[in-house]
Amino acid sequence: MKILVLGAGAWGSAVAMGAAQHPAGHAVTLWARDAAQLAGMQAGRENARYLPGMAFPPTLALAGGDFAAPAGAADLVIVATPMSALRGMLQALRDCSAPVAWLCKGFESVAGDAPGRFGLLAHEVRADVAPQLKAGALSGPSFAQEVARGQPTALVAASEHASVRDALVDAFHSPSVRVYANEDIVGVEVGGAVKNVLSIATGLCDGLELGLNARAALITRGLAEMTRLGLALGARADTFMGLSGLGDLVLTATGDLSRNRRVGLLLAQGQTLAQAVESLGHVAEGVYSARTVAQRARLLGVDMPITDAVVALLDGRLQPAEAVAQLMGRGPREEI
């Protein structure tokens, strides 16, 4: 299988490295937008910025410049850009005949020129700009560093198209990566988006040393928020008890490699949002999608108090301790 991965960040590089070592002998090309980054990767045979010390497999090809030609020859195209760049990438790929899948998680903050359109999930962006594409998402609980090292990982191939699900399974299912197919792309994408916001809240909780009881409560009630929003958008409830829901939430909320969790920890230490984001050196999608998650929830009449508190914290309307007090000060209610 010929696989093209567009985007040489941590996750794109890790996915390309894993596919290049697949027992089936896939021909994998990792495409980088930045010419200087590409030159550095070609010279050092590693992604020194995002995955330092992890050598590329000898069979992994590197490319830059125009990606139209390799995309046209590929059997599978993986878009490994941040959510903010997805719309432009899908527009450029709108005539691609191969299956296309994205790795980004979140809600788009701006939806082109359409008035009143915001907070779109990735599959809704695809419907806007390239409805003819057979496309989907590769999601689930995964840190790029562990995938690049070949450590055991389980992922979800989500799409309404069976051919896309099959292509993703064929590309990535291996002795170290187990890929589960799921046609509920709405649920998979809601889980992947909301868990980033909830992970900021959990990092804040841990940074304030509120204890394991508080962390467990926050994750559990966060899962309830995630599920409510997903059901309002047409997802299946059982998806949120799987890898792309509970699994991804637990990983991102508790794992030390989580960028979103790290944002919460740094805010709890008194850093400003700008300082926290700058210190990461990577994109933390929850910072950029939290507001659109909250906006989309309000339009649907979905109550998401943890998300609202995170937005107020990121906007500077609440201090860390005040955000916790706001959540704990809510009145009693039945658990639903």
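Data block above holds the structure.
Owing to the predicted nature of the structure, the values given are computational and were not obtained by experimental measurement.

Peer 1: Sorry if this is basic, but what is going on with empty space enclosed by the protein here?
Peer 2: Picture a little ball the size of a water molecule; that probe, rolled over the atoms, points out where space is still empty. Tallying each qualifying case throughout the model produces one cavity of 30 Å³ or more. Estimated volume of the largest cavity: approximately 80 Å³. As for the largest cavity, its lining consists of Trp102, Leu103, Cys104, Lys105, Gly106, Leu121, Ala122, Ala137, Leu138, Ser139, Val188 and Glu189. Sorting the residues of the lining of the largest cavity by element identifies β6 (135-139) and α8 (185-207) as the ones contributing at least two each. Sort the elements by how many residues they give to the lining of the largest cavity and β6 lands first, with three residues. In terms of residue class, the lining of the largest cavity is built from eight nonpolar, two polar and two charged.

Peer 1: So what exactly am I meant to see when it comes to the nonpolar core here?
Peer 2: One recurring pattern in soluble globular proteins: nonpolar side chains tend to sit buried together. Core analysis: the largest hydrophobic core is formed by 73 residues, its most contacted members being Leu86, Leu93, Val100, Trp102, Val190, Val194 and Leu229. The dominant element in this core, judged by the number of residues it contributes, is α8, at twelve residues. Grouped together as the second largest cluster of nonpolar side chains are 40 residues, Trp11, Ala20, Leu138 and Leu155 included.

Peer 1: Whenever I open this one, the pairing of β6 confuses me. Can you help?
Peer 2: Moving residue by residue along a regular strand, the side chains alternate between the two faces of the sheet. Most of β6 is tucked away: five of the five residues are buried. Along β6, one buried face is formed by Ala135, Ala137 and Ser139 and the opposite face, lined by Gly136 and Leu138, is buried too. The pairing of strand β5 (residues 100-102) with β6 spans three bridges and is parallel. Looking at β6, one finds that Trp102 is bridged to Ala137. Of the strand pairs in this sheet, β6 and strand β7 (residues 153-158) are connected by three bridges, and their pairing is antiparallel. Looking at β7, one finds that Leu138 is bridged to Ala157.

Peer 1: Hey, could you run me through the packing of helix α9 (residues 212-232) against helix α10 (residues 243-254) in this one?
Peer 2: Following both chains from N to C, one finds α9 and α10 inclined at 140°, their axes separated by 11 Å at the closest point. By the angle between their axes, α9 is oblique relative to α10. The crossing of α9 and α10 is right-handed. Contacts between α9 and α10 involve Arg215, Ile219, Leu223 and Met226 from the first element and Gly245, Leu246, Leu249, Ala253 and Thr254 from the second.

Peer 1: How do you make sense of the pairing of β7 when you look at a structure like this?
Peer 2: Of all six residues making up β7, five are buried, and the element is well covered by its neighbours. Sheet topology places β7 next to strand β8 (residues 177-182); six bridges connect them, and they run parallel. Its bridge partner being in β8, Ala157 is matched across the sheet by Ala181. In the classification by handedness, the crossover that spans β7, the intervening helix α7 (residues 162-172) and the parallel β8 is right-handed.

Peer 1: Whenever I open this one, the pattern of salt bridges confuses me. Can you help?
Peer 2: If charged atoms from side chains of opposite charge come close, those side chains can pair. Tallied over the full model, the rule gives 13 salt bridges. Its salt-bridge partner being Arg296, residue Glu124 comes within 2.9 Å of it at the nearest N-O pair. Placement of Glu124 in helix α5 (residues 122-129) and of Arg296 in helix α13 (residues 285-300) is noted, with a sequence separation of 172 residues between them. With respect to class, Glu124 is no different from Arg296; both count as buried. Across the pair Asp248 and Lys195 runs a salt bridge, and its minimum N-O distance is 3.7 Å. In this pair, Asp248 is assigned in helix α10 and Lys195 in helix α8, connecting sequence segments 53 residues apart. As far as burial versus exposure is concerned, Asp248 and Lys195 are alike and both buried. Residues joined by salt bridges that share partners form a network here, namely Asp206, Arg215, Asp256 and Arg261.

Peer 1: Mind showing me how you'd approach the environment of Gly281 here?
Peer 2: Mapped onto the elements, Gly281 comes out in the loop between α12 (273-280) and α13. Residue classification places Gly281 among the partly exposed positions, given a relative accessible area of 40%. Remark: the alpha-carbon pair of Gly281 and Gln145, spanning 136 residues in sequence, is separated by 15 Å. Gly281 has contacts with Arg49 and Tyr50, leaving out every residue within four places of it along the chain.

Criteria and cut-off values
- Residues numbered from 1 in each chain as written.
- Predicted model: local features only at pLDDT ≥ 70, side-chain atom pairs only at ≥ 80, totals over all residues.
- Heavy atoms only, no water.
- 1 Å grid on protein atoms, 1.4 Å probe; cavity = no way out; pocket = protein on both sides within 12 Å on 5 of 7 lines; lining within 4 Å.
- Points joined across faces, edges and corners; volume = space filled by probe spheres on them.
- Helix = DSSP H or I, 4+ residues; strand = E, 2+ residues; numbered from the N terminus.
- Nonpolar A, V, L, I, M, F, W, Y, C, P; charged D, E, K, R; others polar.
- Core = buried A, V, L, I, M, F, W, Y, C linked by side-chain atoms within 4.5 Å.
- Buried < 20%, exposed > 50% of the residue type's maximum accessible area, 1.4 Å probe, protein only.
- Pairing = 2+ DSSP bridges.
- Axes fitted to C-alpha atoms, helices over the stretch in contact; angles between N-to-C directions.
- Parallel < 35°, antiparallel > 145°, perpendicular 65-115°, else oblique.
- Left-handed = near helix turned anticlockwise from the far one by under 90°.
- Contact = heavy atoms within 4.5 Å.
- Right-handed = clockwise from strand over helix to strand, strands pointing away.
- Salt bridge = Lys/Arg side-chain N within 4 Å of Asp/Glu carboxyl O.

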